[in-house]
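# Overview (structure and organization)
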Amino acid sequence: MGLKITDTILRDAHQSQAATRMRIEDMLPGCPLLDDVGYWSLECWGGATFDACMRFLDEDPWVRLRRLREALPNTKLQMLLRGQNVLGYRHYSDDVVEAFVKQAIHNGIDIIRIFDALNDTRNLKTAIDATKKYGGFCEIALSYTVSPVHDEAYFVKVGQELQTMGADSLCIKDMANLLLPYKAKSLVTELKKHLDIPIHLHTHNTTGTGDMTYLMAAQAGVDIIDTALSPLGNGTSQPTTEAIVATLQGTPLDTGLDLEKINKAAAYFRGVADKLTREGFLDPKVLQVDVKTLLYQVPGGMLSNLINQLKQAKALDKYYDVLNEIPIVRRDFGYPPLVTPTSQIIGTQAVMNVLAGRYKMFSNESKDLLKGKYGRLPGEVNPDVRKMAIGDEPVMTCRPADLLPPEMDRLREETKRFAKSEEDVLSYALFPQVATKFFKKRDALYVPEEKVRKIFVQDLGF
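Quick look at the structure, then. Everything quoted here is computed from the prediction, not taken from an experiment.

Aromatic ring pairs: the centre-centre distance and the angle between the two ring planes describe each pair. Tallying each qualifying case throughout the model produces 18 aromatic pairs. On the numbers, 5.7 Å between centres and 85 degrees between planes, the contact of Phe50 with Trp62 is edge-to-face. Remark: Trp62 occurs in helix H5 (residues 61-71) and Phe50 occurs in helix H4 (residues 49-56); sequence separation between them is 12 residues. For the pair formed by Phe50 and Trp62, the shared burial category is buried. Within the aromatic cluster, the residues linked to one another by ring pairs are Trp45, Phe50, Trp62, Tyr89, Phe100 and Phe431. The positively charged end of Arg21 is found above the aromatic ring belonging to Phe56, 3.8 Å away from the centroid. The ring of Phe115 carries the charged tip of Lys173 above its face, separated from the ring centre by 4.8 Å.

So, about the pattern of salt bridges. Across all of its chains, the model carries 34 salt bridges by this definition. Taking the shortest distance from any N to any O, the salt bridge between Asp94 and Arg399 comes out at 2.6 Å. Taken together, the positions of Asp94 in helix H6 (residues 94-106) and Arg399 in the loop between helix H18 (383-390) and helix H19 (408-414) put the pair 305 residues apart, joining distant regions of the chain. Since its relative accessible area comes to 28%, Asp94 is described here as partly exposed. Taking relative accessible area as the criterion, Arg399 reaches 12% and is therefore assigned buried. With its nearest N and O atoms 2.8 Å apart, the salt bridge here joins Arg113 to Glu139. Here Arg113 is found in strand S4 (residues 111-114), whereas its partner Glu139 is found in strand S5 (residues 137-143), with 26 residues between them in sequence. The exposure classification of Arg113 matches that of Glu139, with both residues buried.

Okay, the pairing of strand S6 (residues 169-173) next. Along a regular strand, successive side chains alternate from one face of the sheet to the other. The element S6 is extensively covered by neighbouring structure, given that five of its five residues are classed as buried. Alternating positions in S6 separate into two faces, Ser169, Cys171 and Lys173 on one and Leu170 and Ile172 on the other, with burial throughout. In the sheet, S5 pairs with S6 via five bridges, with the strands oriented parallel. Paired with Leu142 across the bridge in S6 is Ile172.

This brings us to the packing of H4 against helix H21 (residues 432-444). It is at 8 Å that the axes of H4 and H21 come closest, and there the two elements cross at 45 degrees. With respect to their mutual orientation, H4 and H21 come out oblique. In the crossing of H4 with H21, the sense of the turn from one axis to the other is left-handed. Counting all contacts with H4, which are made through Asp51, Met54 and Arg55, the residues of H21 involved are Val434, Ala435 and Phe438. Each residue belonging to the contact of H4 with H21 can be placed in one class, and the counts come to four nonpolar, no polar and two charged.

All right, on to the nonpolar core then. Membership of the largest hydrophobic core comes to 101 residues, with the highest contact counts inside it found for Leu34, Trp45, Leu68, Leu81 and Phe100. Ignoring anything within four residues of it in the chain, the contact list for Phe100 reads Trp45, Phe50, Trp62, Met79, Leu81, Val86, Leu87, Leu426 and Leu430. Counting residues in hydrophobic clusters, the runner-up holds 29 residues, among them Leu303, Val322, Leu369 and Val385.

Positionally, Glu242 belongs in helix H11 (residues 241-248). Despite its burial, Glu242 remains without a salt bridge, the nearest opposite charge being carried by Arg270 at 4.6 Å. Apart from the residues lying within four places of it in its own chain, the contact partners of Glu242 are Ala228, Leu229, Ser230, Leu259, Ile262, Asn263 and Ala266.

With 13 residues, H6 should reach 18 Å at 1.5 Å per residue; the first-to-last C-alpha distance of 18 Å fits that figure. Within the sequence span of H6, burial applies to Val96, Val97, Ala99, Phe100, Val101, Gln103, Ala104 and Ile105.

Next up on the list: H5. Inspection of H5 places Pro61, Trp62, Arg64, Leu65 and Leu68 among the buried residues, and these make up the whole buried set. Burial along H5 is one-sided: seen end-on, the buried residues are contained in an arc of 155 degrees. N-cap assignment for H5: the residue whose side-chain oxygen lies 2.9 Å from the backbone N of Trp62 is Asp60.

Thresholds applied
- Residues numbered from 1 in each chain as written.
- Predicted model: local features only at pLDDT ≥ 70, side-chain atom pairs only at ≥ 80, totals over all residues.
- Heavy atoms only, no water.
- Phe/Tyr/Trp six-rings, centres within 6.5 Å; stacked < 30°, edge-to-face > 60°.
- Helix = DSSP H or I, 4+ residues; strand = E, 2+ residues; numbered from the N terminus.
- Buried < 20%, exposed > 50% of the residue type's maximum accessible area, 1.4 Å probe, protein only.
- Lys NZ or Arg CZ within 6 Å of the ring centre and 35° of its normal.
- Salt bridge = Lys/Arg side-chain N within 4 Å of Asp/Glu carboxyl O.
- Pairing = 2+ DSSP bridges.
- Axes fitted to C-alpha atoms, helices over the stretch in contact; angles between N-to-C directions.
- Parallel < 35°, antiparallel > 145°, perpendicular 65-115°, else oblique.
- Left-handed = near helix turned anticlockwise from the far one by under 90°.
- Contact = heavy atoms within 4.5 Å.
- Nonpolar A, V, L, I, M, F, W, Y, C, P; charged D, E, K, R; others polar.
- Core = buried A, V, L, I, M, F, W, Y, C linked by side-chain atoms within 4.5 Å.
- Lys, Arg positive; Asp, Glu negative; His and termini not counted.
- Expected span 1.5 Å × (residues − 1).
- Arc of directions from axis to C-beta.
- Polar contact = N/O pair within 3.5 Å; in protein donor to acceptor, adjacent residues only side chain to side chain.

Dropping the structure here:
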């Protein structure tokens, strides 16, 4: 059985390289070419695309999904979901999570990849149960990181728990390209020994090791990998589809995909990448190898965020001081993986430590992380640091969402004047200000027939 491929050109590739700015009109002409390739799946929705559609592109993310579903009838569509955070930045109530998953599947998603920044399996349960309930394929992700508590035994244990919880496949989500080739071979070997479900590996090529990581993982028996067509592949994106497919041709791991068909799709998206470059969204810097990720375990997006914070504080000369501070904060906070939202929280705290003195100040998000509001931290927290941050306040030990009352009835009431569908209610639930602004703009361009009739007959006397 050959290696299966998920192509990320419609989601993570342009999220990683071009600030999630690919538009639906740029996607649709390439869809027949993609649909003809025979991928295991196309990742096309979720992550930052939902927010970016409304905030920057004046697109309805639900309409995008329906149009992609129509344009890709022969290929499974995949999305990325942040567990109890759905696609936002806080925990939402269980009824919001379930309603969102239901509508995602109803509108065309086949495979939902679900992850939690802390690998707290409690934060995954509602999304898993809803995916199974509404007939979706449930792929659960381990957020991969390197720390004294994140060894192979840890990942195998969490993987076994996720299989028991109903995972149809397990994804190793290496968001910062920290999983090096021999480590990948060893980890996949161990997971294959202890799990019965397919193993899917996701990495980037930020440190230049992604192709080698995939090759070693494939030799260890990984079932599926994420790649990106070459116009938006490599660098901060995934290793290129063409290179992997060509490398494995004629071997027992042959993907079975036709390079000629893949090259036709790549030729189309080269034009899209050129357009994104002209518009200023695709910077050649994203293709550069950046070994700082391996030295400081800091993902590329987090690095640019730190630079912006230091520029605003007129303290760019403290850049390397902040990079050296990040591992200290991460250790004191119990070794959270550095992925949204924990990467931003740890990074901001490191900046505050360098500029104001170590732990002289704490952000509200740092306090919430140490209180347990985001879930269970993987390692032991420095008790002195926690006391400085939250004093004698109790640390939350329950699943955070257990404390959240149902929200959907309230949200439907709040939006009844302007929401045209359950999907609109969910857009508002995740991003109330962004969605409200988007709805006003969208609705200004659309005048229902009955409103036209009222204007002409009642108001103007025709």
